[in-house]
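# Descriptive structure summary
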Amino acid sequence: MTVAFWTLAQLALWLAVWSWLQAVRVSRYYRPIDSDALHDRPPLSLVIAVRAAGPDLPSALGRSVGALRPGDELLIAVDARDAAAVADAEAGAAAATAVARRVPTDGRGPARVEVVRAHPPTPSPSTDPEHASDARVAALRAAAVERAAHRLLAFVEDDVALAAPTLDEVVRTAANDGVGAAFALSYVAAGARGRSAWRAAFANQWKTPALAALALRGAPRFVAEGLWATTRAAWLAAEAADPGGTRAALGLTPAEVRRGAAFHATGRRNRVVRRMLPRSPAPVPGAAGPSRDGVPVAGWRAGGPLGHALAALGANPVPLGLAATLIGLTTQAVPAAVAFVPAVAAMGWRMAALATLNGGPYRGLPRHAYLGRALALEALAWTWWWSRPRAADRGG
């Protein structure tokens, strides 16, 4: 038992320090290089696929068009058979048009807003709801791309607080030669309550740092939802290399990985930009939100076994520290004061890692936000994140 205590104690300490170093690396990468000044870029077609009707949808669409430039276009893709969603999309288009008309046009005319009514295929009753939603949204996006007037295509979820500098950086990165898709990782902004706060803690303190660590290892083989952009040529090439790869999520593979792999198969590199996106703590109904993850499968297939293992272990040192402490308390050869050291040290380094992310790459998020919940999830409910992908797999 003494050997087990010291082994777990040393492992927990090293992983806790690794967690902090990983957070420091991510924080330095996402440190703003300059101000929020706007840079010139080509015109783009921004696509928003409406997952479901909701009272907040019109205001969300109005906020998105505020990040566009004169000459851009906003395509709102909606299922033509969903009358409520069509009505909300029409109201959102009207609000977005009003916002676009207030932006100085520089002689290029205001951003164009169009509602694209599509007829996505009806999923079978046995299809997992999350997979069915991914396929439905992919079909809506494909219909909007057919209507797009510009070479550059951007896709954003309707719970994202879209800012013009972030959109510009994603689009300018995607326009470079050899790039398949450029994307921004997202975090949940402050203000989540109840169950949403627990989801925010999971998304901010495990999913986003893990994906960021994978993305910084080189050319990521995934394209995260939230905001991503590509060119029409790269879109078509990805479809030819892997039919449906830019549209649907099939089997056990999350949509983010399937999309990234399709672009990678064409010889293009996916790129993550140096800004993160804040997402609404209370997403509109049907939006992606912080609860749509699939991280274990995505991390394994997108970053390889080694990359996923380092990201996962570095994000979960607290359970090992607690296990070492429990073993130490049951071993007479280990003083009680020494037995508590692994748990205290693991929690301390882990709190430092979370505080490094909050207020750093998570701009505007207080350092204490969701910290207690994150530690509780790691220490007491570590298997919570693992159960969700497995439940989806059983349904698919």
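So, a few notes on the structure that sits alongside this text.

Parameters and conventions
- Residue positions are given per chain, counting from 1 as you read along its sequence in written order.
- Local features in a predicted model are, by the rule used here, given only for residues with pLDDT of at least 70; side-chain atom pairs are given and counted only at 80 or more, and totals for whole chains, interfaces and linings are based on all residues.
- The basis for every side-chain value is the complete set of non-hydrogen atoms in the structure, without hydrogens or water.
- Counting from the N terminus, the helices are the DSSP runs of H or I reaching at least four residues and the strands are the DSSP runs of E reaching at least two.
- Only protein chains enter the accessibility calculation, which uses a 1.4 Å probe; a residue whose area is less than 20% of its type maximum is buried, one above 50% is exposed, and one in between is partly exposed.
- Contact between two residues is taken to exist if any of their heavy atoms lie within 4.5 Å; hydrogens are not considered.
- Pairing between strands requires that DSSP locate at least two bridges from one strand to the other.
- Axis definition: a line fit to C-alpha positions, over the contact stretch in the case of helices; interaxial angles, taken between N-to-C directions, run 0 to 180 degrees.
- Pairing of aromatic rings covers Phe, Tyr and Trp, the last through its six-membered ring, and needs centres within 6.5 Å; plane angles under 30 degrees mean stacked, over 60 mean edge-to-face, and all others mean tilted.
- What makes a nonpolar core is a set of buried Ala, Val, Leu, Ile, Met, Phe, Trp, Tyr and Cys residues whose side-chain atoms join them at distances within 4.5 Å.

## A word on the overall build of the chain
Scanning the chain from N- to C-terminus turns up 14 helices and nine strands. For the chain, with 396 residues in total, the buried portion stands at 54%. Pairs at least 24 residues apart make up 84% of the contacts formed inside the chain by residues separated by at least 6 positions.

## Comments concerning the sheet that holds strand β1 (residues 44–49)
Read from one edge to the other, the open sheet built from seven strands follows the order β3-β2-β1-β4-β7-β5-β8, with strand pairing classed as mixed. Across the chains shown, the open sheet's two edge strands, defined by having one partner strand only, are β3 (112–118) and β8 (269–272). Strand-to-strand twist across the sheet, computed as the mean angle between neighbouring axes with direction ignored, equals 20 degrees. Note that strand β5 (residues 179–184) and β8 share three bridges and pair parallel. Bridge pairing in β8 links A182 to R271. The strands touched by helix α5 (residues 164–174) are β1, β4 (152–156), β5, β7 (227–231) and β8; relative to β7, the strand with the most contacts, the crossing angle is about 30 degrees.

## With respect to the environment of P120
Structurally, the position occupied by P120 is in the loop between β3 and α4 (129–147). Judged by relative accessible area, P120 falls into the buried class, the value being 2%. Taking the C-alpha atoms as reference, P120 lies 5.7 Å from R136; in sequence the two are 16 residues apart. Apart from the residues within four sequence positions on either side, P120 is in contact with D79, R81, R136, A139 and L140.

## Quick word on the environment of R363
Structurally, R363 can be placed in the loop between α12 (341–357) and α13 (371–380). Distance in space between the C-alpha atoms of R363 and P278 is 8.1 Å, their sequence separation being 85 residues.

## Quick look at the pairing of β5
Taking burial as the measure, the six residues of β5 include six buried ones, the bulk of the element. Sheet topology places β5 next to β7; three bridges connect them, and they run antiparallel. When the sheet's bridge partners are listed, A184 is paired in β7 with L227.

## Some words on the packing of aromatic side chains
Following the criterion strictly, the structure yields eight aromatic pairs and no others. Aromatic side chains Y29 and Y30 sit 5.0 Å apart centroid to centroid with 85 degrees between the ring planes, which places their arrangement in the edge-to-face category. A relative accessible area of 21% means that Y29 is categorised as partly exposed. Overall, Y30 belongs to the buried group, its relative accessible area being 3%. Following the ring pairs from residue to residue traces out a cluster consisting of F155, W228, W235 and F263.

## Section: the nonpolar core
Judged by nonpolar contacts, the single largest core of 60 residues is most densely connected at F183, L185, F222, W228 and Y370. Per-element tally for this core: the top contributor is helix α6 (residues 195–215), with eleven residues. In this structure W228 touches R141, L153, A154, F155, V170, A181, A182, F183, V223, W235, R259 and F263, once residues within four positions along its chain are discounted. Counting residues in each nonpolar core, the second largest holds 38 residues, with L162, A184, V273 and L277 among its members.

So far we have only geometry, and geometry alone does not tell us how the molecule works.
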